[in-house]
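# Structural overview
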Amino acid sequence: MSTAKHSTGSTNTTNKSHVIEYRSKFNVYALAWRQTRAEFGLAIGSCDEAASSHVEVVEKRPGSESQMRCVARADFEYPVTKLLWAPEKAQSSLVCSTSDLLRVHELVESGEGKALSLRGTLKQNPHQKKSSVFSPPLTSFDWSEVDPAVLVTSSIDTTCSVWDMNRLEQKTQLIAHDKAVYDVCFSRNPDIFGSVGADGSLRTFDLRSLEHSTILYETTSRLVSATQTMESQALLRIAWNRLDSNYIAVFGEGGSDASGAGKVVVVDVRVPSVALLELSGHRMRKQEVGAGASKGGSKNATIAGGVNAIAWAPHSSAHLCTVGEDAYALVWDLSKAPPRTVLDAPLLTYIANEPINNVSWTPGNQDWIGIAAGKTVQALKV
């Protein structure tokens, strides 16, 4: 793709005085804001390689302008790949999670405060019909904000499953990709959702006609030295613009070569197969490794500046937040960017103390961006 560099202007750094923080006992990956403005809180999930995993609900500590506290907790056998609260339209306190299964909890009042009560455990049908005992792990899901009765999950077994959340049952299942499906996301149209996966493709599906899909974008193939074969670079995450369904953002797996590490691609559905914009703000960094670091005996290792998560602004079709391994959270303004350009200067920058694993930006708290970095969860005022 022939592109031109384009800088959006000077970069502003987010004021750290406008940060509310929670320190967990475990490394945090999954992250989701409450969907209603009246309730300032998040659900967070662990990503430790331990015997069990945890989900916590954290809220602003009474009387504090800088700290949050845990108000409820649930234990899981496997790490949680994603968390989402029920859309605001559903008017409920349900929170869904994916791991080995799709689970539905409800935040309820108890005698000692609040608790996460399990409302349902949903197991998808294995499409190969070889086993009814073990369900393939679920990599992600999305809950339709327009029609809260519809939820779609993605799995490593190449499938996506559509669920009826009123009946808590699987409606249908489809083979979505040639390899594992890593993420799914609804359009503003509740019948349309998109997916990305290990085969390097961005595809869209229509619930009214699931026999076919549309491939909107594919990554270029590269030579894998270990096998001496050409393979497509996997696409890891998808985010559909909340206010303008013409735009979808995706990013691929990181690396230290020139294969697109640290870049986010914005695709216009009206012009498939090519990138409308590329955002290149996450940089590689140096880190001392090895024994004797304090005595000068260490070596500098290059840490790839890969992107870990993306989120469109809930109140603006032109703003996107990206977070990555370089510990940066970047807010981009795409409103003045010419098509087919590479942007390298974000509108806002926040630097965490550790690589940022995830980001959440929802309509209920549009003035706040939630990030997870190590064991720390932070709410950033923007």
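Each chain has its residues counted from 1, running along the sequence as written. Given that this is a predicted model, residues contribute local features only at a pLDDT of at least 70 and side-chain atom pairs are listed and counted only at 80 or more, while totals for whole chains, interfaces and linings are drawn from all residues. Heavy atoms throughout the structure, all of them, feed into the side-chain values; hydrogens and water do not.

### Overview of the environment of Ala352
Quick reminder of the rule: Strands are runs of DSSP state E lasting at least two residues, helices are runs of H or I lasting at least four, and both sets are numbered from the N terminus onward. Throughout this description, buried means an accessible area under 20% of the type-specific maximum (1.4 Å probe, protein chains only), exposed means over 50%, and partly exposed covers the range between. Only heavy atoms matter for contacts: two residues are in contact if any of them lie within 4.5 Å across the pair.
Take Ala352: it is sitting in the loop between β32 (348-351) and β33 (356-360). Ala352 gets classed as buried once you look at its relative accessible area, which sits at 9%. Sequence separation between Ala352 and Gln378 is 26 residues; the distance between their C-alpha atoms is 9.2 Å. Apart from the residues lying within four places of it in its own chain, the contact partners of Ala352 are Ala327 and Ala373.

### Here's the deal with the packing of aromatic side chains
Aromatic ring pairs are described here by two measures, namely the spacing of the ring centres and the angle between the planes. Put simply, the test is: The pairing test for Phe, Tyr and Trp rings, Trp by its six-membered ring, is centres within 6.5 Å, and the orientation test on the planes gives stacked under 30 degrees, edge-to-face over 60, and tilted for anything in between. Over a ring means this: the NZ of a Lys or the CZ of an Arg is within 6 Å of the ring centre and within 35 degrees of the ring normal.
Here the structure, examined in full by the defined rule, presents four aromatic pairs. Aromatic pair Trp33 and Phe40: ring centres 5.0 Å apart, planes at 75°, arrangement edge-to-face. On the basis of relative accessible area, Trp33 is assigned to the buried category, the value being 1%. Summarising the aromatic geometry, the rings of Phe40 and Trp368 are spaced 5.3 Å apart at their centres and angled 85° between planes, so their arrangement reads as edge-to-face. With Phe40 in the loop between β4 (28-33) and β5 (41-46) and Trp368 in strand β34 (residues 368-373), this residue pair connects regions lying 328 residues apart in the sequence. For Phe40, a relative accessible area of 16% corresponds to the buried category. An aromatic cluster is defined as three or more aromatic residues linked by ring pairs; in this entry it consists of Trp33, Phe40 and Trp368. One residue, Arg34, lies across the ring of Trp85, its end atom 4.2 Å from the ring centre. In this structure, Lys82 packs its charged tip against the face of Phe141, placed 5.9 Å from the ring centre.

### A look at the sheet that holds strand β19 (residues 209-218)
Rule in force here: Two strands qualify as a pair provided DSSP detects at least 2 bridges between them. The axes are straight lines fitted to the C-alpha atoms, using for helices just the contacting stretch, and the angles between their N-to-C directions are given from 0 to 180°.
The antiparallel open sheet is built from four strands, whose spatial order is β16-β17-β18-β19. Edge positions in the sheet fall to β16 (181-186) and β19, since each of these pairs with one other strand and no more. Averaged over neighbouring strand pairs, the angle between their axes works out to 25° when direction is ignored. Two strands pair when backbone bridges link them, and strand β18 (residues 201-206) and β19 are joined in this way by six bridges, in the antiparallel orientation. For Asp206, the partnering residue across the bridge sits in β19 and is Ser209.

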